[in-house]
Amino acid sequence: MKKFLFSLSSAALGCLLLSVWASTAASASATFTVDAFDVNRHISNLDSRFVTSVLDTTPTFSGEYDVLDFTDGTRGTGGFFGVNNPFPGNLTTTFVLEAAGQFRVAEDGEYTFRVRHDDGARLAINGMNVINFPRLTAPRTSFGTVFLNAGLNDLSGLFFENGGQAIFEVGIASGAGVRSKGAFSLVTAAIPEPATWLMMILGFAIVGLVHKRRTSVVQSLS
């Protein structure tokens, strides 16, 4: 009888897992988390102690975006792709921007990243700085190349604006040292593979089941 009940519970658990997995996969969205910190003072460098202290505070505004393509709308700040999202909270003067998320590539190989920015910007891929221009600048384009494995990769970006024109746009192209405008596309956020979600859910379920069985054993012995 106990074996039958356990089999029934296992079947019910399996149905629950499939239901939760389907719901999670359907509702999950692929986004970069972007935090914006509005500040009321001069900023000149991403490496300053002030910027470091700002990043330890609560963001003034936060948002979820499928691509990183922002501009304040001033003349000369349009990106290469024309998405031109306003910065979170429509910030335009002095602020710091932090972005994080994952993206996917289809094949192993060298990839070139392109960041259009004003002012300073830093782009890290899988924890490695690929682009690092921390200082004040007029609108400029910076490039960096890195080897990526097929599948999901981590991206983090840091940007500051010190008044005037503001733009931050991140693109990617297959190959090393690419400079052709037409070869790039916007880096698009990606969610984990469905199998990854299922494994995570299954892991939590197993932990819960083991805990429940241990509790039952303890109660029966007491």
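Cut-offs and rules
Residues numbered from 1 in each chain as written. Predicted model: local features only at pLDDT ≥ 70, side-chain atom pairs only at ≥ 80, totals over all residues. Heavy atoms only, no water. Helix = DSSP H or I, 4+ residues; strand = E, 2+ residues; numbered from the N terminus. Buried < 20%, exposed > 50% of the residue type's maximum accessible area, 1.4 Å probe, protein only. Contact = heavy atoms within 4.5 Å. Areas by Shrake-Rupley, 256 points an atom, 1.4 Å probe, with all protein chains shown as cover. Polar contact = N/O pair within 3.5 Å; in protein donor to acceptor, adjacent residues only side chain to side chain. Core = buried A, V, L, I, M, F, W, Y, C linked by side-chain atoms within 4.5 Å. pLDDT = per-residue confidence, 0-100. Pairing = 2+ DSSP bridges. Axes fitted to C-alpha atoms, helices over the stretch in contact; angles between N-to-C directions. Phe/Tyr/Trp six-rings, centres within 6.5 Å; stacked < 30°, edge-to-face > 60°. Salt bridge = Lys/Arg side-chain N within 4 Å of Asp/Glu carboxyl O.

A.B. asks: Can you help me understand the overall build of the protein chain in this one?
C.D. replies: Scanning the protein chain for helices and strands turns up three helices and 11 strands. Reading the secondary structure of the protein chain in the N-to-C direction produces α-β-α-β-β-β-β-β-β-β-β-β-β-α. Counting over 222 residues, the protein chain shows a buried share of 38%. Long-range pairs, those at least 24 residues apart, make up 75% of the contacts in the protein chain between residues at least 6 apart in sequence. About 12,100 Å² of surface is accessible on the protein chain, with carbon and sulfur atoms providing 57% of the total.

A.B. asks: Help me understand the side chain of arginine 116, please; the structure alone is not making it clear to me.
C.D. replies: By the element assignment, arginine 116 lies in strand β5 (residues 109-118). Of the polar contacts made by the side chain of arginine 116, one reaches the side chain of threonine 141; its length is 3.0 Å. Those residues in contact with arginine 116 that lie beyond four places of it in its chain are Gly76, Phe80, Pro139, Arg140, Thr141, Ile167, Phe168 and Glu169.

A.B. asks: What is the right way to read the nonpolar core from this model?
C.D. replies: Proteins that are soluble and globular tend to have nonpolar side chains buried together. Counting 31 residues, the largest nonpolar core has Phe103, Phe113, Ile125, Leu155 and Phe168 as its most contacted members. Of all the secondary structure elements, the ones that give two or more residues to this core are β1 (32-38), β4 (94-105), β5, β6 (121-125), β7 (128-133), β8 (140-148), β9 (151-162) and β10 (167-174). Of all the elements, β4 adds the most residues to this core, at five residues. Those residues in contact with leucine 155 that sit more than four places away from it in its chain are Phe32, Leu68, Ala99, Ala100, Gly101, Phe103, Leu123, Ala124, Ile125, Val170 and Val187. Judged by nonpolar contacts, the second largest core, of 10 residues, contains Phe37, Ile43, Phe50 and Val96.

A.B. asks: When you look at the confidence of the model for the protein chain in this model, what are you seeing that I'm missing?
C.D. replies: Caution applies to low-pLDDT regions: their predicted coordinates should not be interpreted in detail. Per-residue confidence for the protein chain gives a mean pLDDT of 84, with 73% of residues at or over 70. Counted against residues more than four places away or in other chains, residues 2-8, with its pLDDT under 50, gives one contact. Segment residues 16-28: pLDDT under 50, and 12 contacts once partners within four positions in sequence are set aside and those in other chains are kept.

A.B. asks: Could you clarify how one ought to interpret the sheet that holds β6 in this entry?
C.D. replies: Strand pairs in the sheet, formed through backbone hydrogen bonds, run parallel or antiparallel to each other. With respect to topology, six strands assemble into an open sheet ordered β2-β1-β4-β9-β6-β7, the strand pairing being antiparallel. Strand pairing shows two members of the sheet lacking a second neighbour, β2 (61-65) and β7, which therefore form its edges. If you compare each strand with its neighbour and ignore which way they point, the axes differ by 15° on average.

A.B. asks: What should I look at first to understand the packing of aromatic side chains in this one?
C.D. replies: Centre distance and the angle of the planes are the two values used to describe a pair of aromatic rings. Within this structure, the stated rule accounts for eight aromatic pairs. With a centroid separation of 5.6 Å and an interplanar angle of 20°, the aromatic rings of phenylalanine 70 and phenylalanine 87 are classed as stacked. On the criterion of sequence distance, the pair formed by phenylalanine 70 in strand β3 (residues 69-71) and phenylalanine 87 in the loop between β3 and β4 is long-range, its members being 17 residues apart. Judged by relative accessible area, which is 0%, phenylalanine 70 ranks as buried. With 6.1 Å between their ring centres and 55° between their planes, phenylalanine 95 and phenylalanine 159 make a pair best called tilted. Remark: phenylalanine 159 occurs in strand β9 and phenylalanine 95 occurs in strand β4; sequence separation between them is 64 residues. Among the aromatic residues, those joined into a cluster by ring pairs are Tyr65, Phe70, Phe87, Phe95, Phe159 and Phe168.

A.B. asks: Can you help me understand the pairing of β1 in this one?
C.D. replies: Within a regular strand, side chains alternate between the sheet's two faces. With five of seven residues buried, β1 lies mostly within the body of the structure. The pairing of β1 with β2 spans five bridges and is classified as antiparallel. Paired with aspartate 35 across the strands is serine 62, a residue of β2. Taken together, the six bridges between β1 and β4 define a ladder with antiparallel strand orientation. In the strand pairing of β4, valine 34 is matched with alanine 99.

A.B. asks: Looking at this structure, how should I read the pattern of salt bridges?
C.D. replies: Between side chains of opposite charge, pairing is possible as soon as their charged atoms come close. By the definition in use, this model includes one salt bridge. Here aspartate 47 and arginine 122 are joined by a salt bridge, their closest N and O atoms 2.6 Å apart. With aspartate 47 in the loop between β1 and α2 (49-54) and arginine 122 in strand β6, the pair connects residues that are 75 residues apart, well separated along the chain. The class for aspartate 47 is exposed, based on a relative accessible area of 51%. Taking relative accessible area as the criterion, arginine 122 reaches 14% and is therefore assigned buried.

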